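Spelled out from the first residue to the last, the chains are:
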Amino acid sequence: MKAKTQSPVLWPLLGLAALVLLNAVHDIGFLKITLLDGHLYGVPIDILTQGSRTMLVALGMTLVIATGGVDLSVGSVVAITGAVCAVLLQGGHSLALTLAAALGAGVVAGSANGLLVARLGVQPIVATLILMVAGRGLAQLIVDGQVIIIKNSAFEYLANGFVLGLPVAPLLVAGLFLTTHFALRRTALGLFIEAVGDNETASRFAGLAAARIKALAYIFCGACAGLAGVLAAANIRAADAYRAGENMELDAIFAVVVGGTALSGGRFSILGTAVGALLIQTLTTTMYNLGVSPAIAPVPKALLIIGVSLLQSDKVGRWLGGFFGKKAAT
Amino acid sequence: MPGLLELRGIGKTFPGVVALAGVDFTVRAGEIHALLGENGAGKSTLIKVLTGVHPADAGEIRLAGQLIRPAAPKEAERLGISTVYQEVNLVPSLSVAENITLGRQPGALGFLNWRAIRRRARAALARLEVECDVDAELGSLSVAMQQMVAIARALDTSARLLVLDEPTASLDEKEVAELFGIMRKLRGEGMGIVFVTHFLNQVYAVSDRLTVLRNGQLVGEYATADLSRLALVGKMLGREVSEADFTSHVAAPAATTQPVLAVRGLGRRGAIAPVDLALHAGEVAGLGGLLGSGRTETARLLFGIDACDCGDVSVKGAPVRIASPRDAVRLGLAFCSENRKAEGILPNLSVRENLIVALQGKRGMLRALSAAEQAQLCGHYIKALRIKTADAETPIRNLSGGNQQKVLLARWLATQPAVIILDEPTRGIDIGAKQEIEQLIAKLRADGLAVLFISSEIDEVVRNCSRVLVLRERRLTGEIAGADINSEKLMHLMAGTHES
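Predicted model, so just to flag it, every value in this text is computed and none were measured.

A. Region of interest: the domain arrangement of chain B. For chain B, the domain assignment lists domain 1 (5–242) and domain 2 (261–495). For domain 1 of chain B and domain 2 of chain B, the distance between their C-alpha centroids amounts to 30 Å.

B. Spatial organisation of the environment of Lys-74 of chain B. Within the secondary structure layout, Lys-74 of chain B lies in helix α2 (residues 73–79). Remark: the alpha-carbon pair of Lys-74 of chain B and Pro-425 of chain B, spanning 351 residues in sequence, is separated by 33 Å.

C. Fine view of the interface of chain A and chain B. Listed per partner, the contact involves 25 residues of chain A and 27 residues of chain B. Among the elements of the structure, α9 (189–198) and α10 (200–205) of chain A are those that each provide at least two residues to the side of chain A that touches chain B. With six residues, the single largest contributor to the side of chain A that touches chain B is α9 of chain A. Its residues placed into classes, the side of chain A that touches chain B shows 13 nonpolar, seven polar and five charged.

D. Unusual backbone geometry, seen in detail. All names here are of chain B. One non-glycine residue, Ala-64, lies in positive phi territory at about 50 degrees. Residue position: Ala-64 is located in the loop between β4 (58–63) and β5 (66–68). Notably, Asn-215 is not glycine yet its phi reads approximately 50 degrees, a positive angle. For Asn-215, the location among the structural elements is in the loop between β11 (209–214) and β12 (217–223). The partly exposed category is assigned to Asn-215, around which 16 C-beta atoms lie within 10 Å.

E. Structural view of the packing of helix α3 (residues 43–66) of chain A against helix α11 (residues 210–236) of chain A. All names here are of chain A. Following both chains from N to C, one finds α3 and α11 inclined at 175 degrees, their axes separated by 8 Å at the closest point. Judged by the inter-axis angle, α3 sits roughly antiparallel to α11. The residues of α11 that touch α3, namely those facing Ser-52, Arg-53, Leu-56, Val-57, Leu-59, Gly-60, Met-61, Leu-63 and Val-64, are Ala-217, Tyr-218, Phe-220, Cys-221, Ala-223, Cys-224, Ala-225, Leu-227, Ala-228, Leu-231 and Ala-232.

The rules behind these values
Residues numbered from 1 in each chain as written. Chains lettered and ligands numbered in written order. Predicted model: local features only at pLDDT ≥ 70, side-chain atom pairs only at ≥ 80, totals over all residues. Domains from an automatic or database assignment. Helix = DSSP H or I, 4+ residues; strand = E, 2+ residues; numbered from the N terminus. Contact = placed C-beta atoms within 7 Å. Nonpolar A, V, L, I, M, F, W, Y, C, P; charged D, E, K, R; others polar. Buried ≥ 20, exposed ≤ 12 C-beta atoms within 10 Å, placed from the backbone. Axes fitted to C-alpha atoms, helices over the stretch in contact; angles between N-to-C directions. Parallel < 35°, antiparallel > 145°, perpendicular 65-115°, else oblique.

If you want it as structure tokens, here you go:
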């Protein structure tokens, strides 16, 4: 119990280490990072770059889950903002305007979810399911059912560029993680979110603006998904309203849960989410490297998630405690 | 005479706490055995060991001579040990009949036999001589009736031993009398009954023998008739108690100053008819009345939890609007709910976080309390209120009920309120903690707070209040002050017999 409260990221970190080890044994080239034209290349860098979008979506998801909710619409928001970017950039608008509009679209989507959940009291799954389904249609509408190719080198730089030899997207996401972490822990917002997630009625009775705090979490989540949509579109240099962000909500929820934030709300761990998202991306890459067919790829993913969840469960902990001497109960 | 149930040398340790050490406990067939002790004395833990919720670390349990080791509540139930827990553990959205038979519904091949379910539910209720529609949704019934359903559920199995963990906490006097009738009837049928309660007069009214625990250890087992009330309290507290502790009386304050909180015609349809009331600094005003008379409803209106239909509120003479608890807290109000579990504690958060949350909410999210300020607040209140906890980082759910209540009081005191509303602050906590809370209330009054004190225990109201407002049938019906306050007068007002 003590070890777990001190470090919710222990198990996902161990899982990540095990996966890296497995890959390294299979092919030592996995760990190799080379310097080419002053830029870093290699599988670990790929994992960071490709995983950055899931990490970003999972960051927002962490706060929503901490309030006791869930946001299923993030994948559709990714598609919407990608479509917004493509239409604006191809329409000749500036990059700054495009980015602002994309971020704005994410905030609007998050506000819609927040309104439904926090003000109108709709169940989070139902409320965000609405945008999950309708949002993809909206994205199709924006691009008129076409896949729009984006030709803008500055935009592309966001996902595939390098700064001081390091890839831009992971740096950006790491910066956001750090900023969010400090914003939550240096102010009282982190405590408020955990309080509302742990017991909403009691929090309200203690004078917290529970509805506002919940709405804020959904808005932040929408903004994160919006930004992830920008990165996704920049990565493939196109807006694909049909496939962009597909199943991303599930990966994000996995990352949050594996990272030690309970779906029931309350305590959350930003660091845990980062590790969880990396774990999932590493697993995806691993299966690609090992030549596992994409059709059966979800199976090992599911096994990993079951494994980590079991290790985090109190019940299994007690059961294991039986072998390793006395362990905390209740 | 051999015991129906014999516990020998029971030990149980939780992380950081020895909950029980070498406790013996014997219940005979056909007796009502009271289990007594302060908060954290180990009563609830002993019950949980007995019913398989927390299997014991040491010791043995014999039921009718047979060694048993229940590892789950269901197993204990099968062995004939049925339990009604302190907080009603039923499913509000299911019907009475479903609740009574849940987990052991008659039927075959996965199909339920609804006729048999209803029949069994009716039979179980009939045994208690309770009139109740078995198809009614449980949540629509009064708390008292839900309690009866919980007992009916416990008796639905072929129970030999019935454990009642504070069954009377939410019942009014008539309902308590009914419950006692049922307990005596079951005793006559040869059942052993374990009765956990904080109400000493109930111990003397109904129990045959009693066992006292203190700090997880056995103090002794006595025949109820042989132990005086004062001696019993002494055993529970581990110290001698003088009568004076229970008869202190509060002088009426000079209520000529401007009221801190005043409301005129504040009401809400279906909850409470419009009331006028004024609270002054340095007074403890009681809000008396029977269960369901509208006491909690009034408190909720004052604190902005429920919206009022009509009425004006002013704080220190200035008209204000209180539309949410947030508004109320900012205006210097505080409210300790009677429902600690659902409306009070943040169970998985630490004592520290539970303690600072209201103050932090009042300051807003940007002006975060520093770690040093938080530590100082926690250190101060843990010491001042004698909160028993391993440290400030312990999750509050690991604390006993009385200590949780003290943390909640500390949460509000930290906001330095001008008015504090205490709704049943002593419910479900033991006599020692009760005394401490009463002393605290006296101190708050001396410090110049206005206290609105809600309690079902008449003696408690008489002891603590300088003025009592009495509610009956959801309207304010009377007020008595100062030396006029006595339990007889109060009871007349509450029952409405003063008018005739």
